[in-house]
Amino acid sequence: MRVVFVHGACVRDGSWWWHRTAELLRERGVLSVAPALPSCGEAGLPGGVGGPGLAEDVAAVRRVLQDSDEPTVMVAHSYGGIITAEAAAGIGSVRHLLLVSSYLPEVGQSLSEFGDGSPAPFLDVDPDAGTFGVRPELLVDTFLQDCDPEVQAQAADHLARQSVQVIGQTVGAAAWQQVPSTYLVCAQDRGTPPRVQREFARRAGSVVELDAGHHPFLSQPAEVRDLLLSL
């Protein structure tokens, strides 16, 4: 099997965000890949007004999925669940979805439907540029409070401004309705509240809870590896 990791919003360099879990999987002979997301500026195109959005992210992930017939487990984190809902649809090699503190949309839903209509306090939105990003001064306390100092120090170098249009763009498929799925609730998450995660988790086939913050694949990589290997 192989693992395809789909990272969340406002970050870049997916291979860094997943590296601790990916290294432990590699020791067990399981290879992984983390597709670049164009809306986060990872395709060499600037984000913002007129730039790449959800459709381009979906296409980028589907290309990676279609590159191999090897049985695949997809791991979607946060906003990555929006992408995966559509990107994994109809791909026969995808055998399981692991959704980590993830949005889990029905067909026709968008990221904008899962909030209260106002930007989260840890986000900085620039309407003129058409981008949004995580406020660096709030990064650690909101998303990485349970990670070690090395990860906390490095993370800010892997933030990105993302095209704000992804917030309102709707998905055209919901792969989790056809593909076996597991939802990993992060009970100490300060970014996506656990109560919201548990609502999404009701849509998944099975649910696991971990006493972790928003990035358990960095703070508790062995636990995430073991969960993946059990699927």
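Above this note sits the structure.
Structure report, in brief. None of the values given here were measured: they were computed from a predicted structure.

1. Considering the overall build of the protein chain
Next, step 1: Helix and strand counts for the protein chain come out as 9 helices and 9 strands.
Next, step 2: Compactness check: the protein chain gives a C-alpha radius of gyration of 16 Å against a globular reference of 17 Å for 231 residues, within 12% of the reference.
Next, step 3: Seen along its three principal axes, the alpha-carbon backbone of the protein chain occupies a region of about 45 × 40 × 35 Å.
Next, step 4: In the protein chain, of all internal contacts separated by at least 6 residues, the share reaching a separation of at least 24 is 73%.
Next, step 5: Accessible surface, the protein chain as shown: approximately 9600 Å² in total, 50% of it carbon and sulfur.
Next, step 6: Charge centroids of the protein chain, computed over 16 positive and 28 negative side chains, lie 4 Å from each other.

2. Some points on the packing of helix α3 (residues 54–66) against helix α4 (residues 80–87)
Packed helix pairs are characterised by how far apart their axes lie and by the angle those axes make with each other.
Next, step 1: Running from amino to carboxyl end, α3 crosses α4 at an angle of 60°, the nearest separation of the two axes being 9 Å. With respect to their mutual orientation, α3 and α4 come out oblique. For the crossing formed where α3 meets α4, the hand is right-handed. Touching L54, D57, V58, V61, R62 and L65 of α3 are I82, I83, E86 and A87, all from α4.

3. As for the layout of surface pockets
Next, step 1: The volume enclosed by the largest pocket comes to roughly 1000 Å³.
Next, step 2: Around the largest pocket, the lining is made up of 41 residues, and of these Y103, F114, A120, F122 and L123 lie nearest the centre.
Next, step 3: Of all the secondary structure elements, the ones that give two or more residues to the lining of the largest pocket are β5 (123–126), β6 (131–134), α5 (139–143) and α7 (194–201).
Next, step 4: Looking at which element gives the most residues to the lining of the largest pocket, the answer is α7, with 4 residues.

Basis of the calculations
- Residues numbered from 1 in each chain as written.
- Predicted model: local features only at pLDDT ≥ 70, side-chain atom pairs only at ≥ 80, totals over all residues.
- Heavy atoms only, no water.
- Helix = DSSP H or I, 4+ residues; strand = E, 2+ residues; numbered from the N terminus.
- Rg over C-alpha atoms; globule rule 2.2 N^0.38 Å.
- Contact = heavy atoms within 4.5 Å.
- Areas by Shrake-Rupley, 256 points an atom, 1.4 Å probe, with all protein chains shown as cover.
- Lys, Arg positive; Asp, Glu negative; His and termini not counted.
- Charge placed at Lys NZ, Arg CZ, Asp CG, Glu CD.
- Axes fitted to C-alpha atoms, helices over the stretch in contact; angles between N-to-C directions.
- Parallel < 35°, antiparallel > 145°, perpendicular 65-115°, else oblique.
- Left-handed = near helix turned anticlockwise from the far one by under 90°.
- 1 Å grid on protein atoms, 1.4 Å probe; cavity = no way out; pocket = protein on both sides within 12 Å on 5 of 7 lines; lining within 4 Å.
- Points joined across faces, edges and corners; volume = space filled by probe spheres on them.

Function-wise, these values are silent; they only describe arrangement.
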